[in-house]
Amino acid sequence: MRVLVASRNAKKLRELRRVLDRAGIEGIELVGLDTVPPYPEAPETGETFEANAGAKARDGAAATGMACVADDSGLEVDALRGMPGVLSARWSGRHGDDEANTALLLGQLQDVPDERRGAAFVSACALVVPSDDGFVTTVVRGEWRGSIVREPRGDNGFGYDPVFRPEGEERTAAELSADEKDAQSHRGRALAQLVPALAALAATG
Ligand SMILES: O=P(O)(O)OP(=O)(O)OP(=O)(O)OC[C@H]1O[C@@H](n2cnc3c(O)ncnc32)[C@H](O)[C@@H]1O
Ligand SMILES: [Mg+2]
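It should be emphasised that the depicted structure is a prediction, and the values quoted were computed from it without experimental measurement. (Residues numbered from 1 in each chain as written. Chains lettered and ligands numbered in written order. Predicted model: local features only at pLDDT ≥ 70, side-chain atom pairs only at ≥ 80, totals over all residues. Heavy atoms only, no water.)

**Quick word on the overall build of the chain**
The line we're drawing: Helix numbers and strand numbers start at the N terminus; a helix is a DSSP run of H or I with at least 4 residues, a strand a run of E with at least 2. Radius of gyration here uses only the C-alpha atoms, and the compact-globule reference equals 2.2 Å multiplied by the residue count raised to the power 0.38. Remark: exposure states derive from per-residue accessible area (1.4 Å probe, protein chains only) relative to the maximum for the residue type, with buried under 20%, exposed over 50%, and partly exposed in between. Only four residue types enter the tally: Lys and Arg on the positive side, Asp and Glu on the negative side; His and the chain ends are excluded. For charged residues, the charge sits on one atom: NZ in Lys, CZ in Arg, CG in Asp, CD in Glu.
Across its full length, the chain carries 5 helices and 6 strands. Ordered by position from the N terminus, the helices and strands of the chain form the series β-α-β-α-β-α-β-β-β-α-α. The C-alpha radius of gyration computed for the chain amounts to 17 Å, which stays within 12% of the reference 17 Å derived for 205 residues, consistent with globular compactness. C-alpha atoms of the chain, sized along the principal axes, occupy 55 × 30 × 25 Å. Split into buried and exposed, the 205 residues of the chain put 47% on the buried side. Charge centroids of the chain, computed over 24 positive and 33 negative side chains, lie 2 Å from each other.

In structure tokens form, the structure reads like this:
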């Protein structure tokens, strides 16, 4: 069975595929948006990661008739009362400008002392499966706690990875290998919870 992985962020898409591929769910072939005809996508205006992930996966399932997985994620910074949160991708006003988003965040936290620089990456992942009477939706959430460092470090990953130091690590998320990130990350933890639903889907043929 083919399952659509709906993300326009190439680096995030790579992570989604890597983690799902490694889970080794027999009978599921993951395909990207580049293999299906373009369809209108609702803007990500939800108040929660869960709402946005559900909307992205529902759009994909409705447009293609395929089961669809999507992620909505972001960084919640304690000293900013949980922001940028669902606005993480466009915090500086330019969607997906990782450098500008990160620079703005570091500026905002300039005077925040080390002991109050806590933050968490959050990922909500949704699986939407078309059925005879609508859609069956499964939404899961993973979190990864850490803190915001003062200077970007590392070239791996994407987004805010160079300024996020996971709990128990001296390195930033951008200094971890792909395997190391997947084993701890918010996205890795969320997707691990989707595996049973995907396995059940695969079993339906
Ligand atoms: O919606 P899609 O097409 O999947 O791609 P996107 O980049 O717009 O993704 P989101 O709407 O979910 O926004 C998530 C943003 O949060 C940040 N983010 C999420 N996960 C991250 C991670 O693992 N490492 C670093 N930054 C991350 C990054 O800035 C992302 O652009
Ligand atoms: Mg987005």
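**Observations concerning the coordination of the magnesium ion (ligand 2)**
Quick reminder of the rule: In this description, a donor is an N, O or S atom within 2.8 Å of the metal centre, a cutoff extended to 3.2 Å for sodium, potassium and calcium. Water is not part of the atom list, which can make sites seem incomplete.
Protein coordination at the magnesium ion (ligand 2): the donors are Glu44 (OE) and Glu44 (OE), at 2.3 to 2.4 Å from the metal. Tracing the backbone through its elements, the reader meets Glu44 in the loop between β2 (29-32) and α2 (49-64).

**Observations concerning unusual backbone geometry**
In this structure, the amide linkage connecting Met83 to the following residue, Pro84, adopts the cis form with an omega of 0 degrees. Residue placement: Pro84 occurs in the loop between β3 (67-77) and α3 (98-108). Non-glycine residue Arg81 carries a positive phi angle of around 55 degrees. With respect to the helices and strands, Arg81 occurs in the loop between β3 and α3.

**Some remarks on the UniProt feature "active site" (unreviewed entry) in the chain**
Counted only if it meets this: UniProt positions are given in the numbering used here, feature names are shortened, and annotations may be inferred rather than shown by experiment. Residues count as neighbours in contact if any of their non-hydrogen atoms are within 4.5 Å of one another. Any pair of nitrogen or oxygen atoms within 3.5 Å is treated as a polar contact; in protein, a donor-acceptor pairing is required on top of that, and neighbouring residues in sequence qualify only through side-chain atoms on both sides.
According to UniProt, the feature "active site" (unreviewed entry) maps to Asp72 in the numbering used here. Mapped onto the secondary structure, Asp72 falls in strand β3. Overall, Asp72 belongs to the buried group, its relative accessible area being 4%. The residues touching Asp72, leaving out its near neighbours within four places in the chain, are Lys12, Glu44, Phe49, Asn52, Ala53, Lys56, Val86, Val122, Ser123 and Ala124. At a separation of 3.3 Å, a polar atom in the side chain of Asp72 contacts the side chain of Asn52.

**Describing the packing of helix α1 (residues 10-23) against helix α5 (residues 186-203)**
Definition in use: Each axis is a line fitted through C-alpha atoms, taken for helices only over the stretch in contact, and angles between the N-to-C directions span 0 to 180 degrees. Every angle not falling under 35 degrees, over 145, or within 65 to 115 is termed oblique; those three ranges are roughly parallel, roughly antiparallel and roughly perpendicular. For a crossing to be left-handed, the near helix must be turned anticlockwise from the far one by less than a right angle; the clockwise case is right-handed. Polar here means any residue other than Ala, Val, Leu, Ile, Met, Phe, Trp, Tyr, Cys and Pro, which are nonpolar, and Asp, Glu, Lys and Arg, which are charged; Gly is therefore polar.
For the pair α1 and α5, the least separation of the axes is 10 Å and the interaxial angle reads 50 degrees. The pairing of α1 with α5 is recorded here as oblique in orientation. Crossing angle aside, the handedness with which α1 passes α5 is right-handed. Side by side, α1 and α5 meet where Lys12, Glu15, Leu16, Val19, Leu20 and Ala23 of the first sit next to Arg187, Gly188, Leu191, Val195 and Leu198 of the second. Looking at the contact of α1 with α5 residue by residue, the classes come out as 7 nonpolar, 1 polar and 3 charged.

**Considerations on the pattern of salt bridges**
The condition that has to hold: Salt bridge, as used here, is a side-chain nitrogen of Lys or Arg placed within 4 Å of a carboxyl oxygen of Asp or Glu.
What the rule picks out here adds up to 19 salt bridges. Notably, a salt bridge pairs Arg141 with Glu143, separated by 2.9 Å at the nearest N-O pair. For Arg141, a relative accessible area of 32% corresponds to the partly exposed category. The class for Glu143 is partly exposed, based on a relative accessible area of 36%. Each member of the salt-bridge network shares a partner with another, and the members are Lys12, Glu15, Asp71, Asp161, Lys181 and Arg187.

**Overview of the sheet that holds strand β5 (residues 134-148)**
Cut-off, in case you're wondering: Paired strands, in this sense, are two strands between which DSSP finds at least two bridges.
The mixed open sheet is built from 6 strands, whose spatial order is β2-β1-β3-β4-β5-β6. Only two strands of the sheet have a single neighbouring strand rather than two, namely β2 and β6 (164-166). On average, each strand axis in the sheet is inclined to that of its neighbour by 35 degrees, with strand direction left out of account. Of the pairings in the sheet, the one linking strand β4 (residues 118-131) to β5 comprises 14 bridges and is antiparallel in character. Paired with Ser123 across the strands is Gly142, a residue of β5. The strands that α1 touches are β1 (2-5), β2, β3 and β4; relative to β2, the one it contacts most, it runs at about 175 degrees.

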